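Structure assessment
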Amino acid sequence: GMRRSPDVSPRRLSDISPQLRQLKYLVVDEAIKEDLKWSRSVEDLTSGPVGLTSIEERILRITGYYGYQPWAASCKREERPRDSPGPAEAQAPAGVEAGGRASRRCWTCSPAQLKKVFWGVAVVLCVCSSWAGSTQLAKLTFGKFDAPFTLTWFATNWNFLFFPLYYVGHVCKSTEKQSVKQRYRECCRFFGDNGLTLKVFFTKAAPFGVLWTLTNYLYLHAIKKINTTDVSVLFCCNKAFVFLLSWIVLRDRFMGVRIVAAILAIAGIVMMTYADGFHSHSVIGIALVVASASMSALYKVLFKLLLGSAKFGEAALFLSILGVFNIVFITCIPIILYFTKVEYWSSFDDIPWGNLCGFSVLLLTFNIVLNFGIAVTYPTLMSLGIVLSVPVNAVVDHYTSQIVFNGVRVIAIIIIGLGFLLLLLPEEWDVWLIKLLTRLKVRKKEEPAEGGADLSSGPQSKNRRARPSFAH
């Protein structure tokens with residue numbers, strides 16, 4: 001396992017200083033010890049050298065020796081997807097361990113996996129319906145109440161409910177129940193040893209509050225300008241932007257497939273501007289969504305950079321703090337917009353409160369499922385929900401607006417979708433593909449030889465063949 005191409009291994013200590021900083025936190029993290037216990041599967045322990053190799057591999061992953069970031073390590077698979085509780089986030093981590101596991105187990109499906117897939121379908125439907133629903137409801141609301149910033153502000157205030165909802169879940173599920181204060185103190189450690197101080201609030205929470213507001217405001221403003229299909233498909237580009245930013249800022253591993261995906265996303269954006277001809281209206285709308293997707297990507301990458309990865313409670317507390325930030329510091333903006341007549345309504349009776357609350361509930365549901373759905377299913381499935389909201393919006397648009405699905409628009413939608421799906425490929429997809437192909441070849445060769453082969457030599461030869469694939 002140690003031999004690795006020189007360009008990947010860190011040459012100077014400074015290269016791995018972020019990883020060492022992460023290690024400092026890994027030491028105290030109880031949940032990770034649990035994860036390690038959980039991920040050390042029976043087969044690892046039964047086959048000696050293989051077990052050793054995978055432990056060695058984990059150590060190298062944690063120290064970032066492979067060019068893996070610590071948050072991409074498979075032994076932290078459970079932890080990772082809560083990296084950045086973000087606005088409209090499609091959070092799929094680099095890969096789904098199920099794939100690797102399944103290929104090793106010769107495609108047997110355990111009840112636990114079936115349960116995960118079943119939950120996955122439920123989560124996909126939930127993500128898809130809440131995301132498409134909130135987009136459509138926003139479009140409807142702007143017919144009567146033309147105030148995208150006020151709507152953003154109103155919906156973000158509901159973030160305050162994250163921590164209370166998480167605490168209710170904690171009380172229902174956890175064996176050792178803690179008081180609200182204890183739980184809060186424990187989750188505050190996420191912000192550093194001193195907990196949540198004013199300095200931390202302004203340096204580590206306020207920037208994310210601003211980015212969250214910008215992401216949602218730009219998205220909603222775009223809905224006023226262009227149709228919801230274009231908005232939802234263009235927002236899918238945020239995954240490509242996350243990759244590009246991680247590659248530049250976090251020095252994430254370079255992956256050819258992801259560069260291809262990023263190019264497809266950018267090509268899709270350009271084609272989308274052609275779809276309606278270059279009207280100023282549609283160009284502004286497209287620019288707004290692309291800006292929204294960029295803010296969302298910046299939010300995620302900054303989160304990894306400044307805060308690392310968060311556990312459920314920490315993510316819930318963080319999102320609640322964003323709600324508080326919104327109430328305390330952003331409230332003045334809708335008031336200013338109201339008095340400057342930028343976002344004006346004649347009387348408070350005219351406000352469609354039902355729509356506003358409906359939109360807020362859908363957006364809250366969307367963010368809850370994205371941040372906590374990872375507890376019950378695979379993160380890749382949750383990202384699929386976002387892609388599937390595009391055809392849902394397209395069907396609604398087809399019946400409610402004058403959208404023209406010309407060739408250019410359809411191709412743009414397809415290439416952006418394709419780029420998004422390419423980004424869902426796990427980091428080691430090439431290794432897995434090669435493993436899968438060799439396994440199929442091996443199977444074909446073994447079938448005729450099985451009859452005459454001595455039984456005692458069978459398993460050993462198989463073991464010998466399996467070892468190199470672990471020590472890739």
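Remember, it's a predicted structure, so these values are computed and weren't measured experimentally.

1. Focus: unusual backbone geometry
- Positive phi, normally seen in glycine, also occurs at Arg251, with a value near 55°.
- Among the secondary structure elements, Arg251 is positioned in the loop between helix H12 (238-250) and helix H13 (256-275).
- Its relative accessible area of 62% is what places Arg251 among the exposed residues.
- Although it is not a glycine, Lys341 adopts a positive phi angle of roughly 65°.
- Within the secondary structure, Lys341 is located in the loop between helix H16 (332-339) and helix H17 (353-372).
- Residue Lys341 is classed as exposed on the basis of its relative accessible area, which comes to 54%.

2. Brief notes about H17
- With 20 residues, H17 should cover 28 Å at 1.5 Å per step; its first-to-last C-alpha distance of 28 Å lies within 8% of that length.
- In this fold, the buried residues of H17 make contact with helix H6 (111-144), helix H7 (148-157), helix H8 (162-173), helix H10 (198-225), helix H15 (312-330) and helix H18 (379-400).

3. Remarks on the confidence of the model for the protein
- Residue-level pLDDT values for the protein average 79, and 72% of them are 70 or greater.
- The lowest-confidence element of the protein is helix H21 (residues 457-470), averaging 40 in pLDDT; the highest-confidence one is H7, averaging 96.
- Note on residues 63-82: pLDDT is under 50 here. Beyond four places in sequence and across chains, it has 74 contacts.
- Throughout residues 88-106 the model reports pLDDT below 50, and contacts reaching past four residues in sequence, or to other chains, amount to 70 contacts.

4. Details of the nonpolar core
- Ranked by internal contacts, the top residues of the largest apolar core, which has 61 residues, are Leu234 and Phe359.
- When residues of this core are assigned to their parent elements, the largest contribution, 7 residues, is made by helix H14 (residues 280-307).
- Apart from the residues lying within four places of it in its own chain, the contact partners of Leu234 are Ile226, Ile269, Met272, Ile286, Val289, Ala293 and Ile416.
- Phe163, Val200, Leu319 and Leu364 belong to the second-largest nonpolar core, a separate cluster that totals 31 residues.

5. Some thoughts on helix H11 (residues 228-235)
- With 8 of its 8 residues buried, H11 lies for the most part within the structure.
- The set of residues buried in H11 consists of Thr228, Thr229, Asp230, Val231, Ser232, Val233, Leu234 and Phe235.

6. Focus on the packing of helix H9 (residues 180-188) against H15
- Where H9 contacts H15, the axes come no closer than 9 Å and their chain directions differ by 95°. By the angle between their directions, the pair H9 and H15 is classed as roughly perpendicular. Along its contact with H9, which presents Tyr184, Cys187 and Cys188, the element H15 presents Gly313, Glu314 and Leu317.

7. A look at a nonpolar patch on the surface
- A grouping of Phe160, Leu161, Leu165, Leu198, Phe202, Val324, Ile327, Val328 and Phe329 is seen on the molecular surface, where their side chains present a nonpolar patch of about 810 Å² in accessible area.
- Among the elements of the structure, H10 and H15 are those that each provide at least two residues to the nonpolar patch.
- Counting residues per element, the nonpolar patch draws most heavily on H15, at 4 residues.
- Examined against the element boundaries, Phe202 turns out to sit in helix H10.

What counts, and at which threshold
- Residues numbered from 1 in each chain as written.
- Predicted model: local features only at pLDDT ≥ 70, side-chain atom pairs only at ≥ 80, totals over all residues.
- Heavy atoms only, no water.
- Helix = DSSP H or I, 4+ residues; strand = E, 2+ residues; numbered from the N terminus.
- Buried < 20%, exposed > 50% of the residue type's maximum accessible area, 1.4 Å probe, protein only.
- Expected span 1.5 Å × (residues − 1).
- Contact = heavy atoms within 4.5 Å.
- pLDDT = per-residue confidence, 0-100.
- Core = buried A, V, L, I, M, F, W, Y, C linked by side-chain atoms within 4.5 Å.
- Axes fitted to C-alpha atoms, helices over the stretch in contact; angles between N-to-C directions.
- Parallel < 35°, antiparallel > 145°, perpendicular 65-115°, else oblique.
- Patch = residues over 30% accessible without salt bridge, like charges linked within 9 Å, V, L, I, M, F, W, Y side chains within 5 Å.
- Areas by Shrake-Rupley, 256 points an atom, 1.4 Å probe, with all protein chains shown as cover.
- Salt bridge = Lys/Arg side-chain N within 4 Å of Asp/Glu carboxyl O.

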